[in-house]
Amino acid sequence: MVNNPVLSLVIPCYNEEAVLPETIKRLTIIINDLIDEHKISAHSKMLLVDDGSRDRTWEIIESHNETNKYVHGLKLAKNAGHQNALLAGLNHAKEYSDCVISVDADLQDDLNVLEEFISKFNEGYDVVYGVRKSRATDTFFKRSTAQGFYRLMNTMGVKVIYNHADYRLMSKRVLDHLSEFKEVNLFLRGLVPLIGYKSTEVYYDRNERFAGESKYPLKKMLAFAFDGITSFSVTPIRLISAVGFLMFAFSLLIAVYIVINKFMGNTTSGWSSLMISIWFIGGIQLVALGLIGEYIGKIYKEVKARPKYIIEKSTVKLGENKETQH
Ligand code: UDP
Ligand code: MG
């Protein structure tokens, strides 16, 4: 347990000009209050990670950095995606913090529970997970896909905290361990529970996005998939699975058709079983092949071990004495 810990709030921002000034304003008030109450050190700060935004996000971060002593920025050279941007911020912030809280820029996560996060840390917890009480503000589509997702993860034996996204506190030692995980396919909410240490949950209501749009629309995911086909050779393997599934589904339909035909006496003997077998086995084989391909694709990506993000510039110089930073 650290007395008066140095806290860093890590905030990934991708085209968040509409919401960023408000986010910074609200977080500044909270940091000020926590410092006044002696819950965190006066060296605490927020680290805004600009994930290759194309709008004025970085200009906003820079201008606040000049006037607000708590605001610091990290600019990634190109869009690396939410998880990678978050990791860039966490790895950077752990060098000068006792604990780090990751929070989205869009004010969907209730900032009032930040105080509770810190209290839990001061009680000796290394990880504090923010868990959504309700998903009332999410669309039906988002709610049901998310629910299906958690269920699927759990049945496949992956330990994820139900209704927890990336709103969480982690201590420096947990972050040190996190950077020992070298995988490229980054899924932080699956990794953190693997690290262990004493953890707890804090419950909060999820709000609507304060301004701007979700950076995860369906269109973007589909565009990603298409991009993958042209620039990476893993995706065609995935298509094998898809074709296999279609063939498998089709074989079931054909089976029904063939069985009906058979009972109506319209077929030559042996034809029905032959047709069903061909389609069924064919479908299953393609699915299996695609599945194997999926794992090979993962290995392919891991072996390359490409850097997950590229930092272009930062307003915090690592290695500087904490005292000299503003
Ligand atoms: N984000 C990011 N890079 C991306 C996409 C999103 O840094 O490529 C950030 C975004 O600015 C936000 C957080 O990740 O702070 C979560 O994104 P968003 O709110 O759009 O997702 P949703 O809440 O709709 O799932
Ligand atoms: Mg959001």
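Only a predicted model underlies this, so the values are computations on that prediction, with no experimental measurement involved.

Caption draft 1: Examining the pairing of strand β3 (residues 71–76) more closely. Burial analysis of β3 places 6 of its 6 residues in the buried class, the great majority of the element. Alternating residues of β3 divide into Val 71, Gly 73 and Lys 75 and His 72, Leu 74 and Leu 76, and every residue in both groups is buried. Judged from the 5 bridges that link them, strand β2 (residues 45–50) and β3 form a sheet pairing that is parallel. Across the sheet, residue Leu 48 finds its bridge partner in β3, namely Gly 73. Each parallel crossover has a hand, and for β2 linked through helix α2 (residues 57–67) to β3 it is right-handed. Relative to strand β8 (residues 311–314), β3 is paired through 3 bridges, and the arrangement is antiparallel. For Leu 74, the partnering residue across the bridge sits in β8 and is Ser 314.

Caption draft 2: Main features of helix α4 (residues 114–123). Looking only at α4, the buried set comprises Leu 114, Phe 117, Ile 118, Lys 120 and Phe 121. The buried residues of α4 occupy an angular sector of 160 degrees when the element is viewed end-on, so they sit on one face. Residues of α4 that are buried sit in contact with β1 (7–13), α1 (20–36), β4 (99–102), β5 (127–132), β6 (164–171) and β7 (199–204). Once α4 finishes, Gly 124 follows within two positions and takes phi at roughly 115 degrees, a positive value.

Caption draft 3: Geometry of α2. By the burial criterion, the buried members of α2 are Thr 57, Trp 58, Ile 60, Ile 61 and His 64. Mapping the buried residues of α2 onto a view down its axis gives an arc of 160 degrees, with all of them on the same face. Along α2, the residues that are exposed and aim more than 90 degrees away from the buried face are Glu 66 and Thr 67. The inward-facing, buried residues of α2 abut β1, α1, β2 and β3.

Caption draft 4: Expanded view of the UniProt feature "transmembrane region" (unreviewed entry) in the protein. Mapped onto this numbering, the UniProt entry annotates "transmembrane region" (unreviewed entry) at residues 239–260 and 272–296. Secondary structure within residues 239–260 divides into 100% helix and 0% strand; the distance between the first and last C-alpha atoms comes to 32 Å.

Caption draft 5: Examining the nonpolar core more closely. Formed by 53 residues in total, the largest nonpolar core has its most connected members in Leu 9, Val 10, Ile 11, Val 49 and Phe 117. For this core, the element with the most residues is helix α3 (residues 82–93), which contributes 6 residues. Here Val 10 is in contact with Leu 47, Val 49, Leu 86, Gly 89, Leu 90, Ala 93, Val 100 and Ser 102, once residues within four sequence places are set aside.

Caption draft 6: Spotlight on unusual backbone geometry. One non-glycine residue, Leu 107, lies in the positive phi region at around 65 degrees. Structurally, Leu 107 can be placed in the loop between β4 and α4. Accessibility expressed as a C-beta count within 10 Å gives 19 for Leu 107, which makes it partly exposed. The phi angle at Asn 163 is positive, at roughly 60 degrees, despite the residue not being glycine. Counting through the fold element by element, Asn 163 comes out in the loop between α5 (140–155) and β6.

Caption draft 7: Fine view of the sheet that holds β6. Taking strand neighbours across the sheet as the criterion, the 8 strands line up as β7-β5-β6-β4-β1-β2-β3-β8 in an open arrangement whose pairing is mixed. The two strands at the open ends of the sheet, each matched to only one other strand, are β7 and β8. Strand after strand, the sheet turns through a mean of 20 degrees between neighbouring axes, direction not considered. Where β5 and β7 come together, 6 bridges link them in parallel fashion. Considered in β7, the bridge of Val 127 is made with Ser 199. Lying over the sheet, α3 contacts β1, β2, β3, β4, β6 and β8, oriented at roughly 155 degrees with respect to β1.

Caption draft 8: Just the environment of Asp 126, in detail. Along the chain, the position of Asp 126 falls in the loop between α4 and β5. Taking C-alpha positions, Asp 126 is 5.6 Å from Lys 198, a pair spaced 72 residues apart along the chain. The contact partners of Asp 126, leaving out residues within four places of it in the chain, are Ser 171, Arg 173, Val 174, Tyr 197, Lys 198 and Ser 199.

Reading the values: rules and limits
Residues numbered from 1 in each chain as written. Chains lettered and ligands numbered in written order. Predicted model: local features only at pLDDT ≥ 70, side-chain atom pairs only at ≥ 80, totals over all residues. Buried ≥ 20, exposed ≤ 12 C-beta atoms within 10 Å, placed from the backbone. Helix = DSSP H or I, 4+ residues; strand = E, 2+ residues; numbered from the N terminus. Pairing = 2+ DSSP bridges. Right-handed = clockwise from strand over helix to strand, strands pointing away. Arc of directions from axis to C-beta. Contact = placed C-beta atoms within 7 Å. UniProt positions renumbered as here; feature names shortened; annotations may be inferred. Core = buried A, V, L, I, M, F, W, Y, C linked by C-beta atoms within 7 Å. Axes fitted to C-alpha atoms, helices over the stretch in contact; angles between N-to-C directions.

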